[in-house]
Amino acid sequence: NAHPNPATEPPLPTSEAAQNHTPNPYRNSNITHEKIAAIRAKATNPTPPKIDHCQPSDTYPESFPHFVRGRDSLREYITSLFTSRIAMYDGAMGTMIQNYAKKNKLEEEEYRGERFKDWKCNTKGNNDQLSITQPHIIKGIYKEYLEVGGSDLIGTNTFSSTTIAMGDYEMEDYVYELNYEGARLAREACDEVTAKDPTKPRFVVGAIGPTNRTGSISPSVEDPSARNVTFDELVDAYFEQVVGLMDGGADILMVETIFDTLNAKAALYAIGEYLEFSGLDIPVFVSGTLVDQSGRTLSGQTGEAFYASIRHAKPMCVGLNCALG
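> So what's going on with the overall build of the protein? Residues and values would help.
Of regular secondary structure, the protein possesses 12 helices and 6 strands. For 325 residues, the compact-globule formula gives about 20 Å, and the C-alpha radius of gyration of the protein, at 20 Å, lands near that figure. For the protein, the spread of C-alpha atoms along the three principal axes comes to 65 × 45 × 40 Å. For the protein, buried positions account for 51% of its 325 residues. Contacts in the protein between residues at least 24 apart in sequence constitute 74% of all its contacts with a sequence separation of at least 6. When the accessible area of the protein is evaluated, it comes to approximately 15,300 Å², of which 51% is carbon and sulfur surface. Here the protein holds 30 positive side-chain charges and 44 negative ones, and the gap between their average locations is 3 Å.

Listed below in structure tokens is the structure:
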């Protein structure tokens with residue numbers, strides 16, 4: 001009689017790096033694929049960004065619960081973490097920024113900062129922009145999640161940092177920088193907190209939001225076949241976001257608040273492209289959102305159907321956020 005072996009880790013992606021648990025070297029300057037290089041070449045960062053985030057191998061002791069970037073496999077570490085205790089993830093930025101605004105001045109002038117003081121349209125409400133113009137606010141929120149909330153993993157302030165969503169503020173050209181800065185500030189905060197207690201490493205989760213367009217639902221009640229975005233446009237937008245997040249120091253990538261599964265599939269396709277071009281093993285998380293009491297996504301899927309639609313990407317973790325309990 002055949003006896004199935006119990007699983008000891010989540011399903012592995014098919015790449016050689018994932019199958020072999022190859023540690024991410026965190027040397028992004030070695031990733032020179034032409035598509036990635038083209039995105040970096042048009043970056044708006046005022047100074048050349050630091051894109052390598054490896055640590056000396058003797059920074060912390062070997063073996064769990066310690067972790068050193070470039071030495072240890074993050075896939076193995078997360079598996080050990082998730083199977084040994086409840087891990088905490090947080091990173092809801094909008095609510096925390098609203099809380100900050102209740103006690104401090106955060107108006108159009110603060111959103112613009114010195115960098116965008118003469119911008120052509122209003123930018124108040126563009127929370128991701130604060131990573132550039134008010135970095136102390138964003139890093140302060142990150143550190144609150146880490147030090148007060150005790151989070152093991154924190155999400156970056158990049159929910160809307162795609163060319164599609166930034167079109168509302170005419171800031172499409174700044175997408176790489178927005179993602180880079182959002183991840184860099186989180187990287188700094190995590191490293192500072194980890195240094196105080198190396199037995200509890202903290203990790204940066206690059207947050208990839210749904211955009212404000214939907215690939216499978218018509219924006220027009222008169223024309224059910226109408227679409228205001230294509231799958232390829234979504235893939236290109238997500239790919240640029242992924243490059244910025246990884247260059248900024250993200251450890252993990254999370255496709256989150258998914259109301260349209262087709263958008264999620266485009267994001268996962270873009271991540272798959274990046275992993276293929278880079279040869280890295282980056283853990284991927286997926287988090288959907290249910291929009292009504294029927295327990296379905298906006299594009300009409302139950303949780304089970306949603307999982308069936310994205311399981312090919314072999315995410316390490318699948319869950320729900322911003323939903324009805």
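There is more to say after this.
> Give a description of the nonpolar core that names residues and reports values.
One broad trend across soluble globular proteins is that nonpolar side chains are buried collectively. If you look at the biggest cluster of nonpolar residues, it comprises 56 residues, and the most contacted ones within it are I97, Y142, I208, L253, I271 and Y274. Examining the composition of this core, we find that 9 residues originate from one element, helix 10 (residues 231-248), more than from any other. Within the second largest apolar cluster, 13 residues are counted, among which are L153, V205, I252 and M254.

> Run through the pattern of salt bridges, naming residues and quoting values.
Inspection of every chain in the model, using the stated rule, returns 21 salt bridges. Here D191 makes a salt bridge to R69, at a shortest N to O gap of 2.9 Å. Of this pair, D191 sits in helix 9 (residues 175-196) while R69 sits in the loop between helix 2 (34-41) and helix 3 (74-84), placing them 122 residues apart in sequence. Judged by relative accessible area, which is 7%, R69 ranks as buried. R184 is the salt-bridge partner of E181, the closest N and O atoms lying 2.7 Å from each other. One end of the pair, E181, and the other, R184, are both in helix 9, 3 residues apart, so they sit about a helical turn from each other. Judged by its relative accessible area of 13%, E181 falls in the buried class. By relative accessible area, R184 is classed as partly exposed at 24%. Sharing partners across several salt bridges, the network here consists of K139, K143, E181, R184, E188 and E192.

> Lay out unusual backbone geometry with the relevant residues and their values.
With omega at 10°, the peptide bond leading from F64 into P65 counts as cis. Summarising the element assignment, P65 is placed in the loop between helix 2 and helix 3. The phi angle at Y26 is positive, at roughly 55°, despite the residue not being glycine. Residue placement: Y26 occurs in the loop between helix 1 (16-19) and helix 2. Residue class for Y26 comes out buried when judged on its relative accessible area of 3%. The phi dihedral of S63 falls on the positive side, at around 80°, and the residue is not glycine.

> Mind laying out helix 7 (residues 135-148), listing which residues take part and the relevant values?
Taking 1.5 Å of rise per residue, the 14 residues of helix 7 would be expected to cover 20 Å, and the 19 Å separating its terminal C-alpha atoms lies within 8% of that figure. Of the positions making up helix 7, those classed as buried are I137, I138, K139, I141, Y142, K143, Y145 and L146. Positive backbone phi, at 75°, marks G150, one or two positions downstream of helix 7.

> Just give me the short version of the packing of aromatic side chains, but keep the residues and values in it.
Counted under the stated rule, the structure contains 12 aromatic pairs. Pairing F82 with F285 gives two aromatic rings, centres 6.1 Å apart and planes at 40°, and the pair type is tilted. A residue pair is termed long-range when its members are at least 10 positions apart, and F82 in helix 3 and F285 in strand 5 (residues 284-288) qualify at 203 residues. With a centroid separation of 5.7 Å and an interplanar angle of 80°, the aromatic rings of W119 and Y174 are classed as edge-to-face. Of this pair, W119 sits in the loop between helix 5 (108-112) and helix 6 (130-133) while Y174 sits in the loop between helix 8 (163-166) and helix 9, placing them 55 residues apart in sequence. Just as W119 is buried, Y174 falls in that class too.

> Break down the pairing of strand 3 (residues 203-208) for me, with residues and values.
Where burial is concerned, most of strand 3 is hidden: 6 out of the 6 residues are buried. Residues F203, V205 and A207 of strand 3 are buried on one face, and the alternating residues V204, G206 and I208, pointing to the opposite face, are buried as well. Here strand 2 (residues 153-155) runs beside strand 3; their pairing, made up of 3 bridges, is parallel. Looking at strand 3, one finds that G155 is bridged to V205. Note that strand 3 and strand 4 (residues 252-258) share 4 bridges and pair parallel. Counted as the bridge partner of G206 is L253 from strand 4. Handedness of the crossover joining strand 3 and strand 4 through helix 10 is recorded here as right-handed.

Conventions we followed
- Residues numbered from 1 in each chain as written.
- Predicted model: local features only at pLDDT ≥ 70, side-chain atom pairs only at ≥ 80, totals over all residues.
- Heavy atoms only, no water.
- Helix = DSSP H or I, 4+ residues; strand = E, 2+ residues; numbered from the N terminus.
- Rg over C-alpha atoms; globule rule 2.2 N^0.38 Å.
- Buried < 20%, exposed > 50% of the residue type's maximum accessible area, 1.4 Å probe, protein only.
- Contact = heavy atoms within 4.5 Å.
- Areas by Shrake-Rupley, 256 points an atom, 1.4 Å probe, with all protein chains shown as cover.
- Lys, Arg positive; Asp, Glu negative; His and termini not counted.
- Charge placed at Lys NZ, Arg CZ, Asp CG, Glu CD.
- Core = buried A, V, L, I, M, F, W, Y, C linked by side-chain atoms within 4.5 Å.
- Salt bridge = Lys/Arg side-chain N within 4 Å of Asp/Glu carboxyl O.
- Expected span 1.5 Å × (residues − 1).
- Phe/Tyr/Trp six-rings, centres within 6.5 Å; stacked < 30°, edge-to-face > 60°.
- Pairing = 2+ DSSP bridges.
- Right-handed = clockwise from strand over helix to strand, strands pointing away.

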